[in-house]
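# A structural walkthrough
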2 protein chains.
Amino acid sequence: MAILRSTLDFLLYDWLNAASLNERERFADHSRETFDAVLDTCERIAREKYAPFNRLVDTQEPHFDGEKVILPQATLDANRAYAESGMLSAAQDYEEGGMQLPYTIEAAANGFFGLASVSIGSSLLTKGNANLLLVHGTETQKAVFARNEFNGRFSGTMCLSEPQAGSSLSDITTRAVPDGADFEADPLGARYRLKGNKMWISAGEHELTENIVHLVLAKVPGPDGKLIPGTRGISLFIVPKKMVDAQGQLIGVRNDVALAGLNHKLGWRGTTNTLLNFGEGKFPVNGEAGAVGYLVGRPHEGLRCMFHMMNEARIGVGTAAVMLGLAGYYASLDYAKNRPQGRPMGPAGKDPTQPPVRIIEHADVKRMLLAQKSYGEGALALELYCARLVDEQHTGTPEGADDARLLLEVLTPIAKSWPSEWCLEANSLAIQIHGGYGYTRDFPVEQYWRDNRLNMIHEGTHGIQATDLLGRKVLMENGKGLQLLAGRINATIERAIQVPELAAHANALGQALAQVGAATKAAWATGEPTDALANAVPYMQAFGHTVLAWIWLDVALAAHAAADGAARTGRLAAMRFFFHYELPKIGAWLQVVSNRDQTCAALPEEAF
Amino acid sequence: MAILRSTLDFLLYDWLNAASLNERERFADHSRETFDAVLDTCERIAREKYAPFNRLVDTQEPHFDGEKVILPQATLDANRAYAESGMLSAAQDYEEGGMQLPYTIEAAANGFFGLASVSIGSSLLTKGNANLLLVHGTETQKAVFARNEFNGRFSGTMCLSEPQAGSSLSDITTRAVPDGADFEADPLGARYRLKGNKMWISAGEHELTENIVHLVLAKVPGPDGKLIPGTRGISLFIVPKKMVDAQGQLIGVRNDVALAGLNHKLGWRGTTNTLLNFGEGKFPVNGEAGAVGYLVGRPHEGLRCMFHMMNEARIGVGTAAVMLGLAGYYASLDYAKNRPQGRPMGPAGKDPTQPPVRIIEHADVKRMLLAQKSYGEGALALELYCARLVDEQHTGTPEGADDARLLLEVLTPIAKSWPSEWCLEANSLAIQIHGGYGYTRDFPVEQYWRDNRLNMIHEGTHGIQATDLLGRKVLMENGKGLQLLAGRINATIERAIQVPELAAHANALGQALAQVGAATKAAWATGEPTDALANAVPYMQAFGHTVLAWIWLDVALAAHAAADGAARTGRLAAMRFFFHYELPKIGAWLQVVSNRDQTCAALPEEAF
């Protein structure tokens, strides 16, 4: 964790100048000292309450004893320690009990938990849930649900997917009907009864908190009793696991939400993942089947409300992927420094009477370590950059805030997808460095690899991110988001081209940016989505590598300006690695995009 | 399995012309009918005795009850069915009880077992062990050990690695000393006592067979009692788990070989993997500690003997990786054809009242399917091509046999490494197609991915294969192996350039070959191994992609000549996929090779 801390210090203070955030009114009480105190606390809790139990939560998977979902005591302890630290509400207003911490610092500090044990906690969903209610909920809903989530009494879920619909939310069939003639008079919000199944619900059932606040997408039938097709028909409801009164106290009545099954996963096993039945009558409320739910926001606007928090959720997934990548890097670095095996290449290695060297002295092991550093630290910088944009969106000048919003629209698919793919690759390299030992469960790296495989799937798959990027984000507002990003990239190029050590990389980045721009145009040359989007994933891969090259060049400018030393040498080398070994890959990806290659899309089903 | 069978039929008969092998004297009794009968039998056994238990052997890992290693009954049944099929000795002479089956057919037929359950059987090591003894053993050793391995009474292991030495065999410390003054008079071979630890021993302890024949590398101390440094000091010994007489009967005495631990692995859990203690005194023989071992071949030539069988072992690993890749492809193809979700792109998809389409209709799913097909079927063709070279080496004209030997030297690192890397990637795509379901243990694809991760590690890691390729194979005999390969590739190009549909790909392959040739020269321009080999893995990746492009172009020639139909369309599309989406990647890999890039190799340890 010490390496992560020094990397965070460099990126936050030397690169992003995060200490200057206290010039903003909202953060005026803060300083580097208060930020450091938050980082210290999180690092300590992660070291004491998370890291020692990462393997335990993998082997002691959640199980259902017929009444309760059983989790290891360590999970309860870790969640309690997190809630007690105040991190659940750190970013909130003082009057909400928060500390008005910048999101940049919150995201950085939360990194320690991902590094220590990515699946033991589930704070991301609880925070996202409560944040959504702060924006779209009534005063009572905020007081009863959001505040009790921020203080750790309740936890939260997001219930979107259904078994038959997966990513296709327009096909959900969970239905909500008004509960009685007085349904609009409930102090907690217009009261409905919900029936349906929700799949892939993380932390959907457990005993970690007094109550669980489910945020559920469902459709209110039209006058003909039919569900409105498409996403327009979707509304959003609060469905508590246990019924509460308007003061947030449990009233001793279970709501009609039942665990239908636990998903047994490849990894990420510290977090319960569930299939939930809403309203099947297992726990009737007032003698009636149907889960009681309270409308959030206006009817039919459920998806808009839900997506409000999507950018931060996706940055959260990206950061989790980064932390797993770095965890593998640190583990394999430690192993490589301590494992003697083999001899150097060339004449020095010919003498078998000499003792073996440590494997970090082998060029190929160094290559695998530097690749991990380049992927992991580069992606960390990207996530912090995005987090800084979130702060800008909330506290910047109107123009700065709007630019930040647009940049986030374009960068979020990359912040989510790129670490999911490349920090997973980093984890595979960490296994490879360990050799046979890496393939055993005696070392942590195989678990990191398994845990990380989730990140290309949840919160929007790779394919969905790619379609979002090429089909929507680079086009929106007449391409203004893409232009803004190009402007930022060009600004970095202009600075770097002045530095002899970086000039060649600045030129390479300029060419890459031009290639991406040309491919974007070529993809859409016919105006047909089927032509453009057939190769959306290769496009996203090339776009992502170009963004990472930019981030690395920008980070390198800060590293170059820093004092000589091993850290500076390492950062500049990781940047060079990215430009020499990675950026040239974009040519192959963009070729099929520019050609609107239909080899895959046009192949008839029977030919597979 | 039906898809695999039709692919094998095409590759064996329409592409490799395997039926003509019966023109060779050794195979004169064979015909396509006898080959088909072998394929039928293996397909049937694999379907009945292997496939239904693949998840079972993953969840019911081998465990040690203090006396015995316990494996599921299904493992015993599968191994018995395999032995009873005669496949253990299929390639052997008639007088050895074999059926003189070409290796090409044996390799193809064994594919079914890899597809059904890669880890349930361990025939590869037993066959390799027995084959080695046929070449290097005495007549008694052949009769007592090899023949009882071929008939399934005994099984075999290869004991090379040690906990402290890993891939670095020169550092092994297992020692063997003559056992008594009459040690050379033993009918089973010169008798030694061995002491030491062997790590990563597959099938090192179990009750599947009457006895286990360990082939063990150990060092005989010099007159000063010290071990000879380096690989020169290594000799090879047969160390049976239970002592046998010269007729191969158990004499009721346990040899001093003890299980020190089972390795608990990420995957491949149907096969026991062990740490063995030799000669620690747990089972003294004649009252004395020390495992009794019988010398094979001459002293100090152990490594040469052991490596005799390395090519076939590596083709075996490559084939296992291929079969896992194809297993994931077939599973995800089936899922994609049956899972409805989402709507088409473009205007047709805007109407939410239309039912969802099956996901195989989405371009990105097709891309992920075609990638898997291209990786899996291309790599299968490569393995069969190498198997055909093994037959050529054994039954061809002297010149043909020598060419085959040299080609195998160059191609084996690719046959081992390429599927290990790219069929693993295929398995990741198979998970991705399944979405969240792919991340659960309710579907088979996550296990394929875990099982396949081993293949880049065992039988020589990726790094070792790459150093072997660029450091030895492309240089050996004045580069004659590389020239031979280039000749074969050019012959394919010359044929393909005549076919309008293939001409552009022929040109692309010609350019790729020229790039690889130039990079090989540039890598060695200074003659310094440290310069050349710093980027041996990227070199191997580019070399492998070029070889696969060649294989695909050659397969496409056969497909092009075949009758119209879905299979022909699919094969030509998989070829085009490889040329459009994959081959262009070699530029990025070769750039660092040609520049002798030292970014990684030169980075000091403290900068990581």
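Residues numbered from 1 in each chain as written. Chains lettered and ligands numbered in written order. Predicted model: local features only at pLDDT ≥ 70, side-chain atom pairs only at ≥ 80, totals over all residues. Heavy atoms only, no water.

Quick look at the overall build of chain A now. Broken down by element type, chain A carries 19 helices and 12 strands. In terms of overall dimensions, chain A is globule-like: its C-alpha atoms have a radius of gyration of 25 Å, near the 25 Å expected for 608 residues. With the C-alpha coordinates of chain A rotated into their principal frame, the extents come out at 85 × 60 × 55 Å. Residues classed as buried in chain A amount to 64% of the 608 residues present. Contacts in chain A between residues at least 24 apart in sequence constitute 75% of all its contacts with a sequence separation of at least 6. With 56 positive and 68 negative side-chain charges, chain A shows a separation of 3 Å between the mean positions of the two kinds. (Helix = DSSP H or I, 4+ residues; strand = E, 2+ residues; numbered from the N terminus. Rg over C-alpha atoms; globule rule 2.2 N^0.38 Å. Buried < 20%, exposed > 50% of the residue type's maximum accessible area, 1.4 Å probe, protein only. Contact = heavy atoms within 4.5 Å. Lys, Arg positive; Asp, Glu negative; His and termini not counted. Charge placed at Lys NZ, Arg CZ, Asp CG, Glu CD.)

Residue and element names in this part refer to chain A. If you check the domain split of chain A, you get domain 1 (1–121), domain 2 (156–308), domain 3 (315–460) and domain 4 (473–602). Its C-alpha centre places domain 2 at a distance of 37 Å from the equivalent point of domain 3. In this complex, domain 2 contributes four residues to the contact, which on the side of domain 3 involves eight residues. Across the domain 2/domain 3 interface, buried area totals approximately 490 Å², and carbon plus sulfur atoms make up 71% of it. (Domains from an automatic or database assignment. Buried area = accessible area lost by both parts, 1.4 Å probe.)

To continue, consider the pattern of salt bridges. All names here are of chain A. Under the counting rule described, the total for this entry stands at 88 salt bridges over all chains. When the shortest N-O distance is used, the salt bridge between Arg-367 and Asp-364 registers 2.8 Å. Of this pair, Arg-367 and Asp-364 both sit in helix H10 (residues 363–395), three residues apart, which is roughly one turn of that helix. A salt bridge links Glu-582 to Lys-585, with the nearest nitrogen and oxygen atoms 3.1 Å apart. (Salt bridge = Lys/Arg side-chain N within 4 Å of Asp/Glu carboxyl O.)

Our next topic: the interface of chain B and chain A. Each partner contributes to the interface: chain B provides 94 residues, whereas chain A provides 94 residues. Taken together, the two surfaces of chain B and chain A that pack against each other cover about 8100 Å², and 62% of this comes from carbon and sulfur. Counting across the chain B and chain A interface gives six salt bridges. With eight residues, the single largest contributor to the side of chain B that touches chain A is helix H18 (residues 566–582) of chain B.

Moving on, we get to H18(B). A turn of α-helix holds 3.6 residues, and therefore any two residues three or four places apart point the same way. All names here are of chain B. If you check H18, its first and last C-alpha atoms are 23 Å apart, about what 17 residues at 1.5 Å a residue would give, namely 24 Å. The buried fraction of H18 is high, at 12 of 17 residues. Listed in full, the buried residues belonging to H18 are Arg-568, Gly-570, Arg-571, Leu-572, Ala-573, Ala-574, Met-575, Phe-577, Phe-578, Phe-579, Tyr-581 and Glu-582. (Expected span 1.5 Å × (residues − 1).)

Another point: the UniProt feature "domain: Acetyl-CoA dehydrogenase-like C-terminal" (unreviewed entry) in chain A. Mapped onto the present numbering, the UniProt feature "domain: Acetyl-CoA dehydrogenase-like C-terminal" (unreviewed entry) falls at residues 486–604 of chain A. Helix makes up 77% of residues 486–604 of chain A and strand 0%. Its end C-alpha atoms lie 38 Å apart. (UniProt positions renumbered as here; feature names shortened; annotations may be inferred.)

With 14 residues, helix H5 (residues 103–116) of chain A should cover 20 Å at 1.5 Å per step; its first-to-last C-alpha distance of 20 Å lies within 8% of that length. Among the 14 residues that make up H5(A), 13 are buried, leaving the element largely enclosed by the rest of the structure.

Let us now look at the UniProt feature "domain: Acyl-CoA dehydrogenase/oxidase C-terminal" (unreviewed entry) in chain A. This chain's UniProt record puts "domain: Acyl-CoA dehydrogenase/oxidase C-terminal" (unreviewed entry) on residues 301–468 of chain A. With 71% helix and 0% strand, residues 301–468 of chain A has its two end C-alpha atoms placed 20 Å apart.

This part covers the packing of helix H15 (residues 500–523) of chain B against helix H17 (residues 536–561) of chain B. All names here are of chain B. Two elements in contact, H15 and H17, have axes whose closest approach is 10 Å; the angle formed by their N-to-C orientations is 155 degrees. By the angle class used here, H15 and H17 are roughly antiparallel. Crossing hand, H15 versus H17: left-handed. Contacts from Glu-501, Leu-502, His-505, Ala-506, Leu-509, Ala-512, Leu-513, Val-516 and Thr-520 in H15 reach Tyr-539, Ala-542, Phe-543, Thr-546, Ala-549, Trp-550, Leu-553, Ala-556, Leu-557 and His-560 in H17. Residues that form the contact of H15 with H17 fall into these classes: 14 nonpolar, four polar and one charged. (Axes fitted to C-alpha atoms, helices over the stretch in contact; angles between N-to-C directions. Parallel < 35°, antiparallel > 145°, perpendicular 65-115°, else oblique. Left-handed = near helix turned anticlockwise from the far one by under 90°. Nonpolar A, V, L, I, M, F, W, Y, C, P; charged D, E, K, R; others polar.)

So, about the side chain of B:Asn273. All names here are of chain B. By secondary structure assignment, the location of Asn-273 is in strand E11 (residues 273–278). We classify Asn-273 as buried; its relative accessible area is 8%. Within the structure, the side chain of Asn-273 is placed 2.7 Å from the side chain of Asn-263, a separation counted as a polar contact. (Polar contact = N/O pair within 3.5 Å; in protein donor to acceptor, adjacent residues only side chain to side chain.)

A few words now on the environment of B:Ile433. Residues and elements named next belong to chain B. By secondary structure assignment, the location of Ile-433 is in helix H11 (residues 398–434). Judged by its relative accessible area of 6%, Ile-433 is buried. Ile-433 has contacts with Ser-332, Tyr-335, Ala-336, Ile-359, Val-365, Met-368, Leu-369 and Gln-372, leaving out every residue within four places of it along the chain.

Residues and elements named next belong to chain A. At a minimum axis distance of 8 Å, the contact between helix H14 (residues 476–496) and helix H15 (residues 500–523) shows a crossing angle of 160 degrees. Classified by the angle their axes make, H14 and H15 are roughly antiparallel. Crossing geometry of H14 relative to H15 is assigned as left-handed. Taking contact as the criterion, the partners of Leu-482, Ala-486, Ile-489, Asn-490, Ile-493 and Ala-496 in H14 are, on H15, Leu-502, Ala-503, Ala-506, Leu-509, Gly-510, Leu-513 and Thr-520. Its residues assigned to classes, the contact of H14 with H15 comprises 10 nonpolar, three polar and no charged.

Residues and elements named next belong to chain A. Structurally, Asn-277 can be placed in strand E11 (residues 273–278). A relative accessible area of 13% places Asn-277 in the buried class. Separated by 2.9 Å, the side chains of Asn-277 and Glu-280 make a polar contact. In this structure, Asn-277 is in contact with Gly-196, Asn-197, Asp-256, Val-257, Ala-258 and Ala-260, ignoring residues within four places of it in sequence.

Right, let's talk about the relation of the copies chain B and chain A for a bit. Placing chain B over chain A gives an RMSD of 0.0 Å and needs a rotation angle of 180 degrees, together with 0.0 Å of translation along the axis. Such a turn and shift between the copies fits a two-fold axis. Rotation axis and chain B: the residue whose C-alpha lies nearest the axis is B:Lys585, separated from it by 3.1 Å. Take the interface residues of chain B: 100% of them recur as interface residues in chain A, which is what a same-surface contact looks like. (Least-squares fit on C-alpha atoms with pLDDT ≥ 70 in both.)

Residues and elements named next belong to chain A. Counting buried positions along strand E7 (residues 234–240) gives seven out of seven residues, so the element sits mostly inside the fold. Of the two faces of E7, the one holding Ile-234, Leu-236, Ile-238 and Pro-240 and the one holding Ser-235, Phe-237 and Val-239 are both buried throughout. Alignment of strand E6 (residues 211–219) against E7, held across seven bridges, turns out to be antiparallel. Across the sheet, His-214 pairs through a bridge with Val-239, a residue of E7. (Pairing = 2+ DSSP bridges.)

Residue and element names in this part refer to chain A. On inspection of all chains with the given rule, the structure shows zero disulfides over all chains. Cysteine Cys-305 is unpaired, with the sulfur of Cys-159 as its nearest cysteine sulfur at 15 Å. Counting only cysteine sulfurs, Cys-386 is the nearest neighbor of Cys-423, a cysteine outside any disulfide, at a range of 14 Å. By relative accessible area, Cys-423 is classed as buried at 0%. (Disulfide = S-S within 2.5 Å.)

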